[in-house]
Each structure stands twice: as structure tokens, then as C-alpha cells.
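# Per-entry structural report
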Amino acid sequence: AGRVVEELPPSSLDPAAAAGELHPYTDQLLAASFRSIRTIEPERRPKDPGGCSFRHRCHRVAPEVPLWQRCTNEEPVLVQGIGAGHRVACHLFENAVNLESQ
């Protein structure tokens with residue numbers, strides 16, 4: 001949807017990375033790569049305005065999960081992710097450091 005959702009060093013991109021270490025979109029891109037051993041089938045949901053622009057294709061947060069309200073109402077901000085040089089915009093990383101407020 002035309003926004004940066006994750007930045008990380010290329011050396012950190014591992015098709016076999018554990019779920020939860022990367023943004024769900026990056027996770028899906030890696031799962032689609034020819035070197036990946038994983039497959040991810042995102043649930044398709046109707047689009048509606050507001051909130052996280054990726055939530056309609058997210059495979060980690062479904063409407064019955066409490067975090068969905070936040071994904072629906074608030075656009076995530078870029079925060080420090082896991083490791084040096086990793087920045088991610090996702091409510092799943094809500095305990096990370098908000099980089100926009102620094």
C-alpha cells in the first residue's frame with residue numbers, strides 16, 4: 001500500500017526464519033521465495049479504510065483476536081525491531097521502541 005513496513009540488513013533475510021521475527025508481509029514474501037521450505041496462505045478479507053493497510057492479508061492477526069481492534073483503528077508506526085538495523089511497522093511489535101517519538 002505504498003508504505004515501508006520493515007527495514008533490515010539483507011543478511012538478516014532468512015527464508016527459514018522463525019515466525020514472529022519479521023513483519024507478516026516480509027514473512028509472506030519469504031515464504032513465496034523459491035528457497036523457502038514454508039508456505040503461508042493468508043486469509044483474504046474485505047478491505048475497509050483506516051488502521052493497518054496490511055491487516056486484510058495478515059496471517060497472524062484474525063478478527064477474533066483482541067489485537068485486531070488495534071490493527072483496524074490505528075496505523076502502526078515504525079519501531080525498533082529485533083536486532084541491529086531492524087525497523088518494523090506492526091502492532092505485533094508493540095513492546096518495541098517507538099522510533100517516531102525519538
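So, here's what we can say about the structure.

### Describing the environment of Leu8
Assignment of secondary structure puts Leu8 in the loop between β1 (6–7) and α1 (24–32). Between the alpha carbons of Leu8 and Gly83 there is a distance of 8.8 Å; along the sequence they are 75 residues apart. Aside from chain neighbours lying at most four places away, what touches Leu8 is Leu13, Leu22, Gly85 and His86.

### Here's the deal with α1
For an α-helix, the turn length of 3.6 residues means that residues three or four places apart are oriented alike. Of the positions making up α1, those classed as buried are Pro24, Thr26, Asp27, Gln28, Leu30 and Ala31. Structurally, α1 contributes buried residues whose contacts are with β1.

### Re the packing of aromatic side chains
All told, the structure shown has 1 aromatic pair when counted by the stated rule. Centre to centre, the rings of Tyr25 and Phe54 are 5.4 Å apart; their planes meet at 70 degrees, and the pair counts as edge-to-face. Taken as a pair, Tyr25 in helix α1 and Phe54 in the loop between α1 and α2 (67–73) lie far apart in primary sequence, 29 residues in all. In this structure Tyr25 comes out as partly exposed when scored by relative accessible area, which is 33%. Accessibility expressed as a relative area gives 4% for Phe54, which makes it buried.

### Focus on the sheet that holds β1
Ordered in space as β1-β3-β2, the 3 strands form an open sheet in which the pairing is antiparallel. Because the sheet does not close on itself, it has two edges, and the strands there are β1 and β2 (78–80). In terms of strand pairing, β1 meets strand β3 (residues 87–89) through 2 bridges, oriented antiparallel. Following the sheet pairing, Glu6 is matched in β3 by Val88.

About the thresholds
Residues numbered from 1 in each chain as written. Predicted model: local features only at pLDDT ≥ 70, side-chain atom pairs only at ≥ 80, totals over all residues. Heavy atoms only, no water. Helix = DSSP H or I, 4+ residues; strand = E, 2+ residues; numbered from the N terminus. Contact = heavy atoms within 4.5 Å. Buried < 20%, exposed > 50% of the residue type's maximum accessible area, 1.4 Å probe, protein only. Phe/Tyr/Trp six-rings, centres within 6.5 Å; stacked < 30°, edge-to-face > 60°. Pairing = 2+ DSSP bridges.

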